[in-house]
Amino acid sequence: MKPQAAPALSRRQFLKRATTAAALPLIVPGSVLGLNGAVAPSNRIGFGAIGVGNRALDTLPTFLSFPDIQYVAVSDFRADRLKNAKAKVDAKYGNQDCADYPDFREMLASKDVDAVAIATGNRWHGLGSMYAARAGKDIYCEKPVTLTIGEGRKLVDTCRRFGTIYQAGTQRRSTASYGFAMEMVRQGRIGRLHTVEMQVWEGPGIPHDKVAPVPKGWDYDKWLGQSPWYPFVPARVNSWQYFWDTAEGIMTDMGEHYTDQMQWALDTDNTGPVEFEAQGVFPDPAKFCSDTPITGVGHCKYANGVTGVMYQRGAFKDRYIRYIGDQGWIQVDDETDTVTAEPKSILSLKGTSTAGWGDASAHVRNLLNCIRSRTPTICNPEVAHRAITICQAWTLSMRLGRKLKWDPVKERFDAEEANRMLYREPRAPWRC
Amino acid sequence: MKSRLLPFFLSLLVCPLLVSAAAPDKVPTKADIAKVVAEAGTYQPGQSREPFRQMEEWLRLPSSSLRKQLEAGLVQLLSPGNTYEAQEFACTQLGIVGSKMALPALSHLLKSDQTAGIACLALTTYPAGKADEILRAAVPTASGIARIQIINTIGDRRDSRAVKLLAPLTNDADLSVARAAIVALGKIADQAAWQAIVALPKDAQPDLQSAITEATLRCAEARTAARDAKAAKALYEGLLAPSLPTYVRRAALGALLRLDKAQAQQHMLEVLHGSDAALKPVAIANVRALPSGNASAVFAAELPNLTAPEQVWMIDSLAARADKAACTAIGNSLASPHAAVRREAIDALGRIGGTWCVPLFARALASSTDTDERRAIQSALIVLPGGGQTDRAIIAALKNSSGGTRALLVTTIARREGPTANMLLLAEAGQSDPAVATAAFRALSKSAGSKELTPLLELLTHAGNAEVRAEAESATAQAIARTKNPANRSSAVKAAQGWAQSVDSQIALLGLLPACGDDAALKALKAATVGSDTRLRAAAVRALADWPDISGWETMVAVYHQPISEAARGLIMRGLVRLVGEENAHPDAKLIAHYRELLAAARSDADLRLILGALGGAAHPQALQLALPLLDNTGVRAEAEAAVKKIATAIKAQHPQAAEDALKRLQTK
C-alpha cells in the first residue's frame, strides 16, 4: 500500500484523534540511542552547576545517572556548598576531576562545559541563564525562571539570539499523571473546560532580624546579584523567597508549575490570559520583615473565557490542579501524584506509568535529546516565560490592589504603574 | 465550590497578624505623611516596617494630589541623613510612581557606587526624555561600578541620543566600561549604533569579543526588523567564520536560515554536504520550516548520507512537514539497520501516520525481536487515526500473522476501543494458538459486557488448554460483573451448563456462579455439592466458599455440617468467617447470632483462632461476651486477648463499664 499524502495536523487535532490515553511526549529512551552502556567521553555532554544548594542536590543524582552526561564543574558563591557539591560529583566518578568555581562566570569560560544546570535563588535564575546563553552554554534552569516579566522576555530573546537550548525545571510536563490530565482535558473528556483551579500553600511571615556580619566563605555581594544591595540580615538571606527584592513569594515560587500545566492544557504556550486580579494578605510589618503574601487568591481570564484561579492557602501537602468542565472534572494532587476525576470512567484510560514529578529522568532525557538535535525542549523559554508571567501578573495586581488587563502580544498592561513594574534594572555589574 | 472557599475567606478575616494589601484607608493629612516619612527615614533592619507599609498603601489610593505629597516624601527620603534602607524603599516606589519631581534627587544618587544601583532601579522605568538626559549627563563624571550601572541602564532604555557618548567608550582602557558600552550600543542598535559596532577593530581584545558578538547579533536583529535584510545577512554571514566559536556559528546560521528563506534550502544542503558537523543539526532542525514544496523530497534523499543520529533528527523534521514525500521517507526508515532510526520513525508515524502505515508496522513487527521496539509499534498503532478503516487494516494484518505478533495485534485492537473490537476479539479467542487466544481473552476481560457473555461462555466451555480456560473464565467473570441483571447472568451460565460436555468446563462454570450472585445460582451450587462426580462436588464447595454475600449463609452452614471432606469443611469455615467479617460494619444481634453459631460449630482451636480474628472487629458488647470465655482456653488465649482488647476499645465510649471490666480482666490474667 502506498502512503497517502497526509494533511498537516495540528497538535490539537492529533491529540483529539487519540482514542486512548496516549503516551507522554515521545521521548526516545537513552537505550535506543545506545546510551545505556558506556558512552565515549567525546559523546558526553559536559555539565556545570550554577548554584549547588538544596535544590541542586535534589536533582544532581538524576543528572549524574545519565551516562551521556559528564558533570565537569560546579559553582557557588558559598564556599561550604561548593565544597560539598564537588565532593558529591567526585564521589560519583571516583576521581577529583570536578572543577569548583566560586564565580560561575569563570566556569562559563571553560570549554569543557557544554551546558549548565541552574538551581540558585530566584534572583539568579533568569540572569544566570542569560549569562550562560551568551557564553554559548545550553541550559536547564529551575523555576521560577525569572524575577520579572520583562526579564522573561529578555530571556526568550537571548536564547533565540544565541540558539540556546533551554529547559525550565517544570518537570510536570514530563510526568505521566499531569500528561494524562492534560490529554483528557484536550480530548474533551470533561466537556468544555471553563475553570482551572490551582493551589499552593500558605507562606510564612519572617520575624524581624538585625544586621549581622557576613559569614566566612560567602561572597554576599555576588550572592545578592541583580537585587538592590542590602545589608546582610540573616532572616532576609535565609528566607529570600519571601522578600520582594529577591523573589515574589509562594504563589510565584511554586505557582509556575501549575500555570505551566494550565497553559499546556489550554494550548496557549505562546500567549496567555488577558485579565488578572489578585488579593493577598501580607505579614504584619510590626512583627515581620518579609513583604510577600502569606495567603492570597489570583484570578485570570483567557480570551476564550476560561478562568484560572490560584489559591495560596492551606498546607504544603494540599497543592493541586483541577480542571473543571461542563461535564466533569479532573484533578492531580501534587503531593501524592494522584489523579481523580468525575466521571470516574475517565480514570480507566490512564496508563500504567507510576513515575511521578520527583523522577525527572524523562525531563532530563528530553533536554539531552534536544541539546543534540538543536530543537526546542518541552519547556522552552517562551513556554516558561508565559507560565511565570501569569504568577508575576498576579503579584503585581496584588501589590497595586487593582484588576489588570493584559495584552499578551505586546506584553503590556492597561495601567502605567503596572507597566513600570514589568522590569527591574539589575544592579551593576550584572545585566540582562 | 462555595463550601471549599468559605474557610479560606474566613481565615483572611480573622487572622490578626495579617494585613490585606487591598484594605482601604482614610486619606492622610500632611501631618500624617510627614510623621510617617520621618519614621521611614530612620528605618533599620530589626525595626517595624509599618511606615513603609503605610506609605505604600497610601500610594495606591486614587488621588493625584495625595500622590504628589507622597512623592515629595519619597524624594525627602533620598536626602542625606536618611538610612540606606529608606532610600532603597523610596527608589523602588519611585520606579513605580515617580515623576520629574524626583529626578534631581535621583540624579544625585547616580554619583555614588553605593546608590547608583537603586537610582537606576527607579530611572529605568521613567518615560524617555529628561531621565535620559540625566543618565547621559552622569556618564562622564561617574566612575567605577556607578559608571557601568549608568551605561547599562542607558542601553536598556535604548537611548539613541547616547550613541555619540558611548561610541568612544568602546575603546576605554577600562575593559568593563568598554564592554558595557559595546553591549549598550547593541541594545540601541539604530543606524548609528550599528555603524559604531561595525567600526570596531576586528582584532579587538579577546575580553571584548563576546560583547562584540552579542552587539552584532542584536544589530542584525534590528536590521531584520527594519526590513534591511541585506545588512542583516552580511552581519550574520560575518559570524559564520570558522575561527568563531561553534555556538556563534550555530546562532548565526539559525538566524540566517530564518531570514533568507529563498536561499535557505540551498544553504542547508551545503551545510549537510560540508564537513562542519556542529552546524548540521541546526540545518536539519530548520528543514521543518522550509516553504518549498519539494523540500521533503530533497532532504529525504539526504537520509542515506547522514549518520544515525542525524537521520533521527531529520525524521523528526520531516515528520513536522508531514507531506507525502516525508511520510514515504519515514516509512522506509522503519527498515533501517539502526535501532534509533527505526524508533524515531515509529514514533513519527504514530504522530502523523494513518491507515496506510498499518502494513508497514505489521512488517516491522514481524521482523523485530526487541521488546521495547515492539511496544513502541503497538503504541503507535493504538493512536493511529482512521477509526474503523484502520481497525480493519489491523485485522487484515492480524490474519496474516501468527504467534506473538498476532497476540500483540489482538491487544492493539482492544486498546483502540473501536466498535468492532469485541467481535474480533471473540473470533481470536477461539484461535488454536494459545498465545493468541490468551491475549484475546485478556483484552476481553477489560471490554466484554453482557453482549459478549454467551459467546464467552461458549468459548469457555470449548477451551481445551488449561491456561486459556483460566483466562476465559476470568474474562467471563468480568462480563458477568458488567451484566446488570443478575437473572440474566445465572440464566446464561445455566444454559452453558446444559451444553458443556467436559468436566473441566463444568468446573469452570461452577466457578462463575458466585459472580452471578442470585438465588438461582445459589441453588445450582447447592445441588452441585451433592452430585455424583467427586471433582464437581469439590468445585461446587470451592465456589460456595467464595459466595459474595451473607445470602449464602444458610446454604454454607448446611454444607459445613455435612461436608464431603475435612478439606471442604475447612474451606466453608473460612468462607463463613469471611462473610461475618464483612458484616462487622453493621454489628447487630443477627451478626452476634452468626458468631455464636460459628463458635458452636468450631471443631478445633484453629477454627476458633480464625473466628476470633473476625470477632475482634465486631464492635458490640455481646461480641465481648463471646470472646471473654475463650481467654481460659490456652490454645487460643493470644487471639482471644487481642479480640477482647479490640472490641473493648471500640465500644468504650458507648459501653464504658463493660469495656473497663473486660480490660481489667485482661490485666488480671
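Only a predicted model underlies this, so the values are computations on that prediction, with no experimental measurement involved.

Student: Kindly report on the overall build of chain B, identifying the contributing residues and their values.
Tutor: Along the backbone of chain B there are 40 helices and one strand. Computed over its C-alpha atoms, the radius of gyration of chain B comes to 42 Å, more than 25% above the 26 Å expected for a compact globule of 669 residues. With respect to the three principal axes, the spread of C-alpha positions in chain B is 110 × 80 × 45 Å. Counting only residues that meet the buried cut, chain B has 53% of its 669 residues in that class. Summed over its atoms, the accessible surface of chain B is roughly 29,700 Å², and 55% of this surface lies on carbon and sulfur atoms.

Student: Account for empty space enclosed by the protein, naming residues and giving values.
Tutor: All names here are of chain B. Per the stated rule, a full pass over the model turns up ten cavities of 30 Å³ or more. The calculated volume of the second largest cavity comes to roughly 180 Å³. When residues of the lining of the second largest cavity are traced back to their parent elements, those giving at least two are α5 (84-97) and α7 (113-123). Element by element, the count of residues in the lining of the second largest cavity is highest for α5, at four residues. Partitioning the lining of the second largest cavity into residue classes produces nine nonpolar, three polar and three charged.

Student: Residues and numbers for the pairing of strand β5 (residues 138-141) of chain A, please.
Tutor: All names here are of chain A. Burial along β5 is two-sided: D138 and Y140 and I139 and C141, pointing in opposite directions, are all buried. In the sheet, strand β4 (residues 115-118) pairs with β5 via four bridges, with the strands oriented parallel. In the strand pairing of β5, V116 is matched with I139. The parallel pair β4 and β5 is bridged by helix α5 (residues 122-134), and the resulting crossover is right-handed. Across three bridges, the pairing between β5 and strand β6 (residues 166-168) is parallel. Directly across from Y140, in β6, lies its bridge partner Q167.

Student: Give a detailed account of the side chain of B:R569, specifying residues and quantitative values.
Tutor: By the secondary structure assignment, B:R569 is in helix α35 (residues 566-583). Residues within four places of B:R569 in sequence aside, it is in contact with B:Y560, B:P563, B:R603 and B:D607.

Student: Could you give me a rundown of unusual backbone geometry, with the residues and numbers involved?
Tutor: Note: most peptide bonds trans; most residues except glycine with negative phi. All names here are of chain A. Omega for the peptide link from K143 to P144 comes to -10°, which places this bond in the cis form. Along the chain, P144 falls in the loop between β5 and α6 (149-162). In this chain, E342 is followed by P343 through a cis amide linkage whose omega measures 5°. With respect to the element layout, P343 can be found in the loop between β13 (338-342) and α12 (361-373). A positive phi angle is found at R374, which is not glycine, with a value near 55°.

Student: Pulling in residues and values, what's your account of the domain arrangement of chain A?
Tutor: Residue and element names in this part refer to chain A. When the domains of chain A are assigned, the result is domain 1 (22-172) and domain 2 (176-351 + 381-420). Inter-centroid distance (C-alpha atoms) of domain 1 to domain 2 is 24 Å. The interface of domain 1 with domain 2 comprises 32 residues on the first partner and 40 residues on the second. Interface area, domain 1 with domain 2, both sides summed: about 3,100 Å², of which 57% is carbon and sulfur. For domain 1, the biggest contributors to the area lost against domain 2 are R123, I149 and R172; these three give 29% of the whole. On the surface where domain 1 and domain 2 come into contact, there are four salt bridges. Among the elements of the structure, α5, α6 and β6 are those that each provide at least two residues to the side of domain 1 that touches domain 2. Residue contributions to the side of domain 1 that touches domain 2 peak at six residues, all from α6. For the side of domain 1 that touches domain 2, the residue count by class is 16 nonpolar, eight polar and eight charged.

Student: Hey, could you go over the confidence of the model for chain A for me, with residue numbers and the actual values?
Tutor: Looking at chain A, the pLDDT average stands at 91 and 90% of residues meet or exceed 70. Throughout residues 1-29 of chain A the model reports pLDDT below 50, and contacts reaching past four residues in sequence, or to other chains, amount to 76 contacts.

Student: Give me the lowdown on the pattern of salt bridges, citing residues and values where you can.
Tutor: Enumeration according to the criterion identifies 64 salt bridges over all chains in this entry. Of the charged contacts in the structure, one is a salt bridge between A:E275 and A:K403, with a shortest N-O distance of 3.6 Å. With a gap of 128 residues between them, A:E275 in strand β8 (residues 275-283) and A:K403 in the loop between α13 (381-400) and β14 (404-407) connect regions that are remote in the sequence. Judged by relative accessible area, A:E275 falls into the buried class, the value being 18%. One salt bridge in this structure joins A:R431 and B:E214, with 2.7 Å as the shortest N-O distance. With A:R431 in the segment after α14 (416-420) and B:E214 in helix α13 (residues 206-225), the pair connects residues from two separate chains. Here the two residues A:R431 and B:E214 agree in accessibility, since each one is buried.

Student: Would you mind going over α13(B) in detail, with residue names and values included?
Tutor: Each full turn of the α-helix corresponds to 3.6 residues, which orients residues three or four apart in the same direction. For α13(B), with 20 residues, the first-to-last C-alpha span of 29 Å sits near the 28 Å given by 1.5 Å per residue. Within α13(B) the residues assigned to the buried category are B:L208, B:A211, B:I212, B:T213, B:E214, B:A215, B:T216, B:L217, B:R218, B:C219, B:A220 and B:R223. Tucked inside the fold, the buried residues of α13(B) contact α5 and α6 of chain A together with α11 (175-188), α12 (191-198), α14 (229-238) and α15 (246-259) of chain B. Immediately beyond the C-terminal end of α13(B), within one or two residues, lies B:R227, with a positive phi of roughly 60°.

Student: Break down the sheet that holds strand β2 (residues 69-75) of chain A for me, with residues and values.
Tutor: Residue and element names in this part refer to chain A. A sheet is described by the order of its strands in space; here six strands give the open sequence β3-β2-β1-β4-β5-β6, paired in parallel fashion. The open sheet is flanked by β3 (99-101) and β6, the only strands paired with a single partner. In this sheet, adjacent strand axes meet at a mean angle of 20° when their direction is disregarded. As paired strands, β2 and β3 are joined by three bridges and run parallel to one another.

Student: Give a description of the interface of chain B and chain A that names residues and reports values.
Tutor: The interface is formed by 84 residues belonging to chain B together with 83 residues belonging to chain A. When chain B packs against chain A, close to 7,100 Å² is buried across both sides, 58% of that on carbon and sulfur atoms. Summed over the shared surface of chain B and chain A, the number is seven salt bridges. With its nearest N and O atoms 3.8 Å apart, the salt bridge here joins A:D291 to B:R49. Joining chain B to chain A, the criterion identifies 21 residue pairs in polar contact (both at pLDDT 80 or more). Class assignment of the residues belonging to the side of chain B that touches chain A gives a composition of 39 nonpolar, 16 polar and 29 charged.

Conventions used here
Residues numbered from 1 in each chain as written. Chains lettered and ligands numbered in written order. Predicted model: local features only at pLDDT ≥ 70, side-chain atom pairs only at ≥ 80, totals over all residues. Heavy atoms only, no water. Helix = DSSP H or I, 4+ residues; strand = E, 2+ residues; numbered from the N terminus. Rg over C-alpha atoms; globule rule 2.2 N^0.38 Å. Buried < 20%, exposed > 50% of the residue type's maximum accessible area, 1.4 Å probe, protein only. Areas by Shrake-Rupley, 256 points an atom, 1.4 Å probe, with all protein chains shown as cover. 1 Å grid on protein atoms, 1.4 Å probe; cavity = no way out; pocket = protein on both sides within 12 Å on 5 of 7 lines; lining within 4 Å. Points joined across faces, edges and corners; volume = space filled by probe spheres on them. Nonpolar A, V, L, I, M, F, W, Y, C, P; charged D, E, K, R; others polar. Pairing = 2+ DSSP bridges. Right-handed = clockwise from strand over helix to strand, strands pointing away. Contact = heavy atoms within 4.5 Å. Domains from an automatic or database assignment. Buried area = accessible area lost by both parts, 1.4 Å probe. Salt bridge = Lys/Arg side-chain N within 4 Å of Asp/Glu carboxyl O. pLDDT = per-residue confidence, 0-100. Expected span 1.5 Å × (residues − 1). Axes fitted to C-alpha atoms, helices over the stretch in contact; angles between N-to-C directions. Polar contact = N/O pair within 3.5 Å; in protein donor to acceptor, adjacent residues only side chain to side chain.

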